[in-house]
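An overview of the molecular structure
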Amino acid sequence: MADLHTPENVEAIPGNRLQFFPIMMFAITMGLSGLTIAYMKASELFGFPHLISCSMVWLVTGVFILIALGYLAKLIRYPQEVKAEFNHPVRINFFAASTISMLLLAIIYLEIDRRIAFWLWAVGASGHLFFTLNTLSFWINRNLEIQHSNPAWFIPIVGNIIVPVAGSAFVGNEILVFFFAIGFFFWIVMTAIIFNRIIFHHQMAAKFTPTLFIFIAPPAVGMIAYYKITKSFDFMTMTLLDLGIFFTFLVLFMVRNFIGLRFFISWWAFTFPLAAVTIATMLAYHVTHLMLYRWLALIFLALATLVVGIVAWQTLRHMVKKEICVME
């Protein structure tokens, strides 16, 4: 198959790239939101300048609005393209990135405007439940192949674990545990499926290699959600945290797998999981005051910042070259 990103093919692509505006763009907001929350916590714990987190709040809010308006315009002008993505065995998983983005923005706005935070959380949580039910129904009613599976499957189902993180400020545990239970149960199921696919079947396409970082997110976010629900730093909290740290070490140990990868918008899968484990270790330091967690948090924050910076630069670079929002 010809390389659609070569200059010759890029020139042949229609000028209006709205038709190929991918739902995966919401992964950008996830990564930026995670890093914003990390810097907000760093301001509280380590005395980082508030200017950094304040600037990032404006940035991630603007990016989310632009992406949301862009995809809404695509829905209005090219509804069949949106329908095709919604029925695609891989892309369907990324629709939940839009609701996760809203949940992460709700966490950010908790300290800015609780009314905005509440509506972001309410719409994000209800929308995510819809995407969970729809995706599970899609999987059950379709004859999917094992090669369709990849770590992006965690997004619509295990993403429910994020709901209690912001929701603890608005509703009781009867709602929070409902979402936590869904995410926790399917995290175990999905992990078994994805590891089976990775180890015993053909390697994933190069564009999905960055999604291996998603293994970090469920235990890291799960630790934060569990603490929000129980208010206890117990054995379960430490187990989830340590699993998040372990998966971080694992993907860093496999760094050669990621060097030299051609740029795809899926590179943003690197970002949110690193921010999540950073926030989890910050919470651990806040509760225990152990220097181990302090240094891990600072190291992970530096790494997350570096990775987000690299991915953001590559995204802007390829946007200028008109190599994003093109037919694959």
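Residues numbered from 1 in each chain as written. Predicted model: local features only at pLDDT ≥ 70, side-chain atom pairs only at ≥ 80, totals over all residues. Heavy atoms only, no water.

1. A look at unusual backbone geometry
- Of note, Lys231 is a non-glycine position whose phi angle comes to about 55°, a positive value.
- With respect to the element layout, Lys231 can be found in the loop between α10 (217-230) and α11 (235-253).
- Relative accessible area serves as the criterion here: at 58%, Lys231 is assigned to the exposed category. (Helix = DSSP H or I, 4+ residues; strand = E, 2+ residues; numbered from the N terminus. Buried < 20%, exposed > 50% of the residue type's maximum accessible area, 1.4 Å probe, protein only.)

2. Brief notes about the packing of helix α12 (residues 271-288) against helix α13 (residues 291-320)
- In contact at an axis separation of 8 Å, α12 and α13 are set at 160° when each is read in the N-to-C sense. The angle between α12 and α13 falls in the class roughly antiparallel. Judged by the sense of rotation from one axis to the other, the crossing of α12 with α13 is left-handed. In this structure, α12 contributes Thr271, Leu274, Ala275, Val277, Thr278, Thr281, Met282, Ala284, Tyr285 and Thr288 to the contact, and α13 contributes Tyr293, Arg294, Leu296, Ala297, Phe300, Leu301, Leu303, Ala304, Val307, Val308 and Val311.
- Of the residues in the contact of α12 with α13, the class split is 16 nonpolar, 4 polar and 1 charged. (Axes fitted to C-alpha atoms, helices over the stretch in contact; angles between N-to-C directions. Parallel < 35°, antiparallel > 145°, perpendicular 65-115°, else oblique. Left-handed = near helix turned anticlockwise from the far one by under 90°. Contact = heavy atoms within 4.5 Å. Nonpolar A, V, L, I, M, F, W, Y, C, P; charged D, E, K, R; others polar.)

3. Regarding the side chain of Thr132
- If you trace the backbone, Thr132 turns up in helix α6 (residues 114-141).
- Those residues within four positions of Thr132 in sequence are excluded, and the remaining contacts are Pro156, Ile157, Asn160 and Ile182.

4. Focus on the packing of aromatic side chains
- What the rule picks out here adds up to 24 aromatic pairs.
- For the ring pair Phe195 and Phe215, a centre distance of 4.9 Å and an interplane angle of 40° mean the geometry is tilted. Placement of the pair is Phe195 in helix α9 (residues 173-200) and Phe215 in the loop between α9 and α10, with a sequence separation of 20 residues.
- Of the residues examined, Phe195 reaches a relative accessible area of 29% and is grouped as partly exposed.
- Aromatic rings pair up to connect Phe21, Tyr71, Phe86, Phe95, Phe130 and Phe131 into one cluster. (Phe/Tyr/Trp six-rings, centres within 6.5 Å; stacked < 30°, edge-to-face > 60°.)

5. A short note on the packing of α6 against α9
- Axis separation between α6 and α9 bottoms out at 12 Å; the angle between their running directions is 35°. Considering only the axes of α6 and α9, their crossing is left-handed. Contacts between α6 and α9 involve Ala125, Leu129, Thr132, Leu136 and Trp139 from the former and Phe178, Phe179, Ile182, Phe186 and Met190 from the latter.
- Within the contact of α6 with α9, the residues separate by chemical class into 9 nonpolar, 1 polar and no charged.

6. Notes on the pattern of salt bridges
- Applying the stated criterion to the full structure yields 4 salt bridges.
- For Lys41, the salt bridge goes to Glu111, with nearest N and O atoms at 3.6 Å. Residue Lys41 is located in helix α2 (residues 26-46), and its partner Glu111 is located in the loop between α5 (96-109) and α6; the two are separated by 70 residues in the primary sequence.
- Take Lys41: its relative accessible area is 26%, and that puts it in the partly exposed class.
- Judged by its relative accessible area of 48%, Glu111 falls in the partly exposed class.
- A salt bridge links Glu85 to Arg91, with the nearest nitrogen and oxygen atoms 2.8 Å apart.
- On the basis of relative accessibility, which here comes to 4%, the residue Glu85 falls in the buried class.
- A cluster of three or more residues bridged by salt bridges with shared partners is formed by Lys74, Glu85 and Arg91. (Salt bridge = Lys/Arg side-chain N within 4 Å of Asp/Glu carboxyl O.)

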